[in-house]
Amino acid sequence: MYFKLIACDVLTREVSYCIARSPNTVDVEFTEKGQHEDSDRLRLLLQEKIDRSAESARPYDAVLLAYGLCGNATVQLQARGTPLVLPRAHDCCTIYLGSRRRFKELFSDNPSRPFSSAGYMERGDSYLHDGDTGRLLGLDRSYEDFVKQYGQENARYIMETLALSRDAHTDDKVIYIDVPETSREEYASLCRENAEKDGRQFIRVEGDIRLICRLVEGSWDEEEFLIVAPGQKTRAVYDWEEIIRAGE
């Protein structure tokens with residue numbers, strides 16, 4: 001099969017590793033790390049790249065996105081003449097960890113906890129990704145806000161399920177995600193040094209490239225990936241499981 005993959009450049013090492021082992025032909029295009037800081041601009045950029053893929057001399061079987069919600073940057077994207085496929089993830093942290101389950105294990109008490117990786121260390125000026133997942137999940141919203149949007153019963157369920165934490169900006173931990181296949185010891189050491197200078201606790205965990213590999217292999221089970229049919233748009237769900245869905 002023939003795919004177009006669009007990814008953030010912090011995943012360059014991992015994406016390249018998986019593409020080299022994929023049975024499919026994959027054309028890849030990267031966006032710069034800092035683009036996620038302006039989600040509206042990133043959304044326009046992604047839609048432009050999706051639209052441009054339709055002009056390829058060799059038609060793609062699917063356009064793949066190696067992004068999560070990323071501050072709503074992937075919300076309201078429209079598939080054109082080919083399906084659009086992306087992982088069910090809040091941001092690239094889930095992609096680095098390899099599953100929503102692992103993300104929840106490490107970040108459920110503070111979904112906006114800062115994290116880093118080799119890709120974050122070698123690109124841009126900041127060694128951290130200060131996540132906005134907490135905001136997307138509702139950490140900056142009140143019970144009354146949820147009632148207005150979802151009704152009283154659903155609002156109560158959301159509040160209980162998310163176990164909302166409002167400590168996102170005072171978190172003293174930094175999670176460094178070390179992917180075995182692309183590990184760079186010097187980056188882990190530098191991240192630890194920077195974290196200690198900032199008075200933060202450095203926590204090193206092992207990453208997993210399985211989601212990226214499955215994406216470029218075309219192994220898109222519904223539980224882990226959203227397939228957006230031509231003409232449909234992406235819609236955010238803002239929960240721990242579905243995260244994103246397709247609609248008209």
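Just so it is clear, the model here is predicted, and its values are computed rather than measured. Per chain, the residues get numbers from 1 upward, laid out in the order the sequence is written. Local features are withheld for residues below a pLDDT of 70 in this predicted model, meaning they are given only at 70 or higher, and side-chain atom pairs are given and counted only at 80 or more; totals for whole chains, interfaces and linings count all residues. Side-chain measures here rest on the full set of heavy atoms in the structure, leaving out hydrogens and waters.

This brings us to the overall build of the protein. For the protein, the helix and strand inventory stands at 10 helices and 10 strands. Burial classes follow relative accessibility: with a 1.4 Å probe on protein chains only, a residue under 20% of its type's maximum area counts as buried, one over 50% as exposed, and anything between as partly exposed. Taking all 248 residues of the protein together, 53% fall into the buried category. Any two residues having at least one pair of non-hydrogen atoms within 4.5 Å are treated as being in contact. Long-range contacts, defined as pairs at least 24 residues apart, comprise 63% of the intrachain contacts of the protein with a sequence gap of at least 6. Only the protein chains shown count as cover for residues, with accessible areas throughout obtained via the Shrake-Rupley method and a probe of 1.4 Å. Accessible area for the protein stands at about 11,400 Å²; split by element, carbon and sulfur atoms hold 44% of it. A run of DSSP states H or I qualifies as a helix once it reaches four residues; a run of E qualifies as a strand once it reaches two. Both are numbered from the N-terminal end.

This part covers unusual backbone geometry. For Cys70, which is not a glycine, the phi torsion comes out positive at approximately 50°. Positionally, Cys70 belongs in the loop between β3 (62-66) and β4 (84-87). The backbone of Asn72 shows a phi angle near 80°, a positive value even though the residue is not glycine. For Asn72, the position within the fold is in the loop between β3 and β4.

Leu5, Leu64, Tyr96 and Phe115 are the most contacted members of the largest nonpolar core, which totals 58 residues. Ignoring sequence-local partners within four residues, the contact set of Phe115 consists of Asp91, Cys92, Cys93, Tyr96, Phe107, Tyr120, Tyr127, Leu128, His129, Ile175 and Ile177. Nonpolar cores were defined as sets of buried Ala, Val, Leu, Ile, Met, Phe, Trp, Tyr and Cys residues, with membership established by side-chain atoms within 4.5 Å. Within the second largest apolar cluster, 11 residues are counted, among which are Met121, Leu128, Ala188 and Cys191.

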